[in-house]
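If you want the building blocks of each chain, they are given just below.
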Amino acid sequence: MNIRAQMSMLFHLDKCIGCHTCSVACKNLWTDRKGAEYMWWNNVETRPGTGYPTQWENQEHYRGGWEKKNGALDLRLHSRAKGLAKLYYNPALPSLEDYYEPFTFRYQDLFNAPAGDDQPTAIPISLITGEPLEIKTGPNWDDDLSGSNIYARNDPSMEDVPPEIRAQLDELERVVFNYLPRICNHCLNPACVAACPSGAIYKRAEDGIVLVNENKCRAWRMCIAACPYKKVFYNWATGKSEKCILCFPRLETGQAPACAHSCVGRIRYMGVLLYDADKIPEAALVPDSELVAAQRAAILDPFDPQVVSDARASGVREDWIEFAQKSPVYKFLKQWGLALPLHPEFRTMAMMYYIPPLSPVVSLIEDGLVRLDLAPEQHDFELFQRLDAARLPVQYLANLFAAGNEQPVRYSLRKMLAVRLYMRRKSLQQEIDQATLALLTDAGTNPAEAEEIYKLTTLPSLSERFVLPPYHREMTIEAYRDPLTQKGATGLGYLQPPARGE
Amino acid sequence: MNFNTLLFMIFPYVSIAIFIIVTIYRSIFRPFTVSSLSSQLLERRWLYWGSISFHWGVALILTGHLLALLVPQSLVIWNAAPLRLYLLELTALALGIWCLAGLVVLTWRRLSNKRIRVVTTPMDLVIMVLLLASVITGVTIAIVYRFGSYWFTSVFSPYLWSILTLQPQPAIIAPLPWVIQLHMLNFFVLLAVLPFSRLIHILTYPLGYLLRPWQIVVWYRRVTRLDPRV
């Protein structure tokens, strides 16, 4: 029994509008530097699509995450000895072309161009070489381009979706997409940590944030290939690996990470989860179909007295246990069973969770007219009963969030539909008929829970979305220096400039 | 004092002193600057052809030099049969040429690729020249002054041991051809430059990876069990 706390973020995809505000907030705060221009610690992808870097889910190519070998869990990338042998050249490492060559525009040309008959233009130049370049791709080049031959059709998660459904998605009238914001998953079983030859990457025990110690990083760059989500990046200027730090300086001062705080759709929630570190190897080793259940089971119930006393014994702070009980992520994930991890088949036990998106209204084009693809009398009920008619294929969502197992995805979608129907009846008709109540029971919920889900989904305040425990950094610093002498200091910044070595 | 004393008695000690002091200083006080500074992200095609052959070639050849220094007797015994001598010499020469080919590719890549030029520092050019000098003189010696694995043990092993045991005998080097002297001198220059350059990554070769557990968990502050409400 070794209980630890994990700061976890939850993305309610049904609310994401794909505005990229999160990406820009993160970029402005952390990666607006030389060598980091191409990095997007937070990015938003259009799905189905190929993502950033292109086809990052294709582990045949990038060899990220873990795989089962002879009943044990091994890095897909390398064994230890082979890892050392590949230091000189790592074939699984993405190249800059898999991301994109960062660019800006020569804006001065607009002011300095000699007078003439034509408008001056600001030509694009590379942020690496400074020379003119032809922009061929970007970090969200396929934004809203679902249904396209080059992007949507090459989505690795589409591979085992039946051809007739794929053909359907290719019809212009049936084109559908959802957005997928991604940050580092701060996994329980991180492959980047395991792959680092120098031992520079580590997981913080107190809050589970995975960080790179850049003083120990030697640019062997195995972490970049080993991360199945491709969320560790190589700074080409400093020669060090970098990744999302879950805005720990903000968390430590009681603020939500910049991406979450700036979210326009308010899709992000944050809270503490408790887990048993000793149970991680077991949970990561189960067959694909049980991965979601095993990962949920690894998250412990903070209301269970046994868990609370074990957590205390393992050194989890009392107030962190209290905050684990108030965690919105715990509610969505465990109490309501709505949230799912991204690609659990990578077996890193990702700790950022997603609520799968509901589909847009189901419609067909017939004789040049749009009509609903449902019986006219009971539209809602029919979609509820017939999820396969949903425009986003359930199989596809299952490939994204449940290692191909449709059951947890169907449960989650049906529950959300049931809540939606219940609340519609309630606000439009003021009374709930038996059919709607039966619907709730069928979806595994009840009126009280449905109202709670509705409230936390649609009406949460800032403090309900971000339930951030106190970090007590003042006490950490107390161990080696007097806090009063540090009063007024920000505590941020470098002691030495992070300059490239010779 | 003649050049022999200056270059092969005084300079080796200066070089070793610089190597030790600066390496320790940089490792402790400037750890951020220690990195292999990989450029695979920016250019990978030529790196494949250059880096693998250069690194493996140089690593194996250096191991050979080290063995000749540490266990000269075994080398003499191995070379007693001419066939084994030829085999060893041919292998070493092949490795040397392989390594040189890799280094030439890397040099060409560094000078011709725009992206790589952006991340090239003056020190990179210095070590490039020194490494080229080292490998070219080495291959030349292997071809012209046969058989190195035979005479190394009677000339260089005693000389290097005389340096390491603080009883320097630079006179051993004096009668050797200039190419061989240059090869030796170049080594001490490289040793002195190593802690100032990216070559320092050689010393951080991560052998510990073979032994450490997969996961690393760090507490920023262990909570004492005295007061759980803290």
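Refer to the preceding data block for the structure.
Residues numbered from 1 in each chain as written. Chains lettered and ligands numbered in written order. Predicted model: local features only at pLDDT ≥ 70, side-chain atom pairs only at ≥ 80, totals over all residues. Heavy atoms only, no water.

Caption draft 1: Structural context of the overall build of chain A. A count of helical and extended segments in chain A gives 23 helices and 17 strands. Expected size for 502 residues packed as a compact globule is a radius of gyration near 23 Å; at 24 Å, chain A falls within 12% of this value. Structurally, chain A occupies a C-alpha span of about 75 × 75 × 55 Å along its principal axes. The buried share of chain A, taken over its 502 residues, is 58%. Here the analysis covers contacts within chain A between residues at least 6 apart in sequence; of these, 72% occur between residues at least 24 apart. When the accessible surface of chain A is summed, it comes to about 20800 Å², and 53% of that surface belongs to carbon and sulfur atoms. Side chains of chain A give 55 positive and 62 negative charges; the mean places of these two sets differ by 5 Å. (Helix = DSSP H or I, 4+ residues; strand = E, 2+ residues; numbered from the N terminus. Rg over C-alpha atoms; globule rule 2.2 N^0.38 Å. Buried < 20%, exposed > 50% of the residue type's maximum accessible area, 1.4 Å probe, protein only. Contact = heavy atoms within 4.5 Å. Areas by Shrake-Rupley, 256 points an atom, 1.4 Å probe, with all protein chains shown as cover. Lys, Arg positive; Asp, Glu negative; His and termini not counted. Charge placed at Lys NZ, Arg CZ, Asp CG, Glu CD.)

Caption draft 2: The arrangement of the pairing of strand E2 (residues 43-47) of chain A in detail. All names here are of chain A. The element E2 is extensively covered by neighbouring structure, given that 5 of its 5 residues are classed as buried. Here E2 shows two buried faces, one formed by Asn 43, Glu 45 and Arg 47 and the other by Val 44 and Thr 46. Judged from the 5 bridges that link them, E2 and strand E7 (residues 178-182) form a sheet pairing that is antiparallel. By the bridge assignment for E7, Arg 47 is matched with Asn 178. (Pairing = 2+ DSSP bridges.)

Caption draft 3: Region of interest: the pattern of salt bridges. Residue and element names in this part refer to chain A. Inspection of the entire model under this criterion finds 24 salt bridges over all chains. Residue Arg 47 is joined to Glu 57 by a salt bridge in which the shortest nitrogen-to-oxygen separation is 2.7 Å. Of this pair, Arg 47 sits in strand E2 while Glu 57 sits in the loop between E2 and helix H2 (59-62); the two residues are 10 residues apart in sequence, bridging distant segments of the chain. Assigned by exposure class, Arg 47 and Glu 57 land together as buried. Here Lys 426 and Glu 451 are joined by a salt bridge, their closest N and O atoms 2.4 Å apart. Remark: Glu 451 occurs in helix H20 (residues 447-458) and Lys 426 occurs in helix H18 (residues 406-429); sequence separation between them is 25 residues. Each of the salt bridges in this network shares a partner with another, and the network as a whole consists of Glu 45, Arg 47, Glu 57, Asp 155 and Arg 182. (Salt bridge = Lys/Arg side-chain N within 4 Å of Asp/Glu carboxyl O.)

Caption draft 4: Up close: the interface of chain B and chain A. At the junction of the two partners, chain B supplies 54 residues and chain A supplies 68 residues. Both faces considered, chain B and chain A share a buried interface measuring about 6100 Å² in area, 57% of it formed by carbon and sulfur atoms. Three residues stand out in chain B for area buried against chain A, namely B:Phe32, B:Leu41 and B:Tyr220, and they jointly supply 16% of the buried area on that side. One can count 3 salt bridges joining chain B with chain A. Note that B:Arg115 is salt-bridged to A:Glu101, the shortest N-O span being 2.7 Å. At the boundary of chain B with chain A, the tally comes to 32 residue pairs in polar contact (both at pLDDT 80 or more). Those elements that place two or more of their residues in the side of chain B that touches chain A are helix H1 (3-29), helix H2 (45-70), helix H5 (114-118), helix H6 (122-144) and strand E1 (217-218) of chain B. It is H2(B) that contributes the most residues to the side of chain B that touches chain A, 6 residues altogether. (Buried area = accessible area lost by both parts, 1.4 Å probe. Polar contact = N/O pair within 3.5 Å; in protein donor to acceptor, adjacent residues only side chain to side chain.)

Caption draft 5: Structural detail: helix H8 (residues 178-193) of chain B. All names here are of chain B. Taking 1.5 Å of rise per residue, the 16 residues of H8 would be expected to cover 22 Å, and the 22 Å separating its terminal C-alpha atoms lies within 8% of that figure. Most of H8 sits inside the fold, with 12 of its 16 residues counted as buried. Taken together, the buried positions of H8 are occupied by Val 179, Ile 180, Gln 181, His 183, Met 184, Leu 185, Asn 186, Phe 188, Leu 190, Leu 191, Ala 192 and Val 193. Tucked inside the fold, the buried residues of H8 contact H1, H2, H6 and helix H7 (148-164). (Expected span 1.5 Å × (residues − 1).)

Caption draft 6: Region of interest: the packing of helix H4 (residues 82-112) of chain B against H7(B). All names here are of chain B. It is at 9 Å that the axes of H4 and H7 come closest, and there the two elements cross at 90 degrees. The orientation of H4 with respect to H7, classified from their angle, is roughly perpendicular. Touching Leu 85, Leu 88 and Glu 89 of H4 are Gly 148, Ser 149 and Tyr 150, all from H7. By residue class, the composition of the contact of H4 with H7 is 3 nonpolar, 2 polar and 1 charged. (Axes fitted to C-alpha atoms, helices over the stretch in contact; angles between N-to-C directions. Parallel < 35°, antiparallel > 145°, perpendicular 65-115°, else oblique. Nonpolar A, V, L, I, M, F, W, Y, C, P; charged D, E, K, R; others polar.)

Caption draft 7: The arrangement of the side chain of A:Arg76 in detail. All names here are of chain A. Mapping Arg 76 onto the fold places it in the loop between strand E4 (72-75) and helix H3 (80-85). Using a relative accessible area of 18% as the deciding quantity, one classes Arg 76 as buried. Within the structure, Arg 76 has its side chain in polar contact with the backbone oxygen of Gly 64 (distance 3.3 Å). Apart from the residues within four sequence positions on either side, Arg 76 is in contact with Gln 59, Arg 63, Gly 64, Gly 65, Trp 66 and Glu 67.

Caption draft 8: Geometry of the sheet that holds E1(B). The 3 strands are arranged E9(A)-E8(A)-E1(B) in an open sheet whose pairing can be described as mixed. Every interior strand has two partners, whereas the edge strands, strand E9 (210-212) of chain A together with E1 of chain B, have only one. Looking at chain direction, strand E8 (residues 201-204) of chain A and E9(A) are connected through 3 bridges and run antiparallel. Along E9(A), the bridge assignment pairs A:Tyr202 with A:Leu211.

Caption draft 9: Expanded view of the sheet that holds strand E12 (residues 268-276) of chain A. Residues and elements named next belong to chain A. Within the open sheet, the 5 strands sit side by side as E13-E12-E1-E15-E14. Their pairing is mixed. Pairing within the sheet leaves two strands with one partner each, and these edge strands are strand E13 (299-300) and strand E14 (340-341). Taken together, the 4 bridges between strand E1 (residues 3-12) and strand E15 (residues 352-355) define a ladder with parallel strand orientation. Counterpart to His 12 in the pairing with E15 is Ile 355. Across the face of the sheet, helix H13 (residues 305-313) comes into contact with E1, E12 and E13 while running at roughly 115 degrees to E1.

Caption draft 10: Representation of helix H15 (residues 328-335) of chain A. All names here are of chain A. Those residues of H15 lying buried are Pro 328, Val 329, Tyr 330, Phe 332 and Leu 333. One side-chain oxygen of the residue at the start of H15 lies 3.3 Å from the amide nitrogen of Val 329, identifying that residue as Ser 327. Positive backbone phi, at 65 degrees, marks Gly 337, one or two positions downstream of H15.

Caption draft 11: Seen up close, the packing of aromatic side chains. As enumerated under the stated definition, the model contains 30 aromatic pairs over all chains in all. Three or more aromatic residues joined by ring pairs form one cluster here, namely A:Tyr38, A:Tyr52, A:Tyr99 and A:Phe233. Taking NZ or CZ as reference, A:Lys27 lies 4.7 Å from the ring centre of A:Trp40, over its face. Against the face of B:Tyr209 rests A:Arg80, its NZ or CZ located 6.0 Å from the ring centre. (Phe/Tyr/Trp six-rings, centres within 6.5 Å; stacked < 30°, edge-to-face > 60°. Lys NZ or Arg CZ within 6 Å of the ring centre and 35° of its normal.)

Caption draft 12: Spatial organisation of a nonpolar patch on the surface. A surface patch of nonpolar side chains, about 620 Å² in accessible area, is lined by B:Ile20, B:Ile21, B:Ile24, B:Tyr25, B:Ile28 and B:Phe29. Given the relative accessible area of 55%, B:Ile28 is considered exposed. (Patch = residues over 30% accessible without salt bridge, like charges linked within 9 Å, V, L, I, M, F, W, Y side chains within 5 Å.)

Caption draft 13: Quick look at the side chain of B:Glu89. With respect to the secondary-structure elements, B:Glu89 resides in helix H4. Residues in contact with B:Glu89, not counting those within four places in the same chain, are B:Phe147, B:Gly148, B:Ser149 and B:Tyr150.

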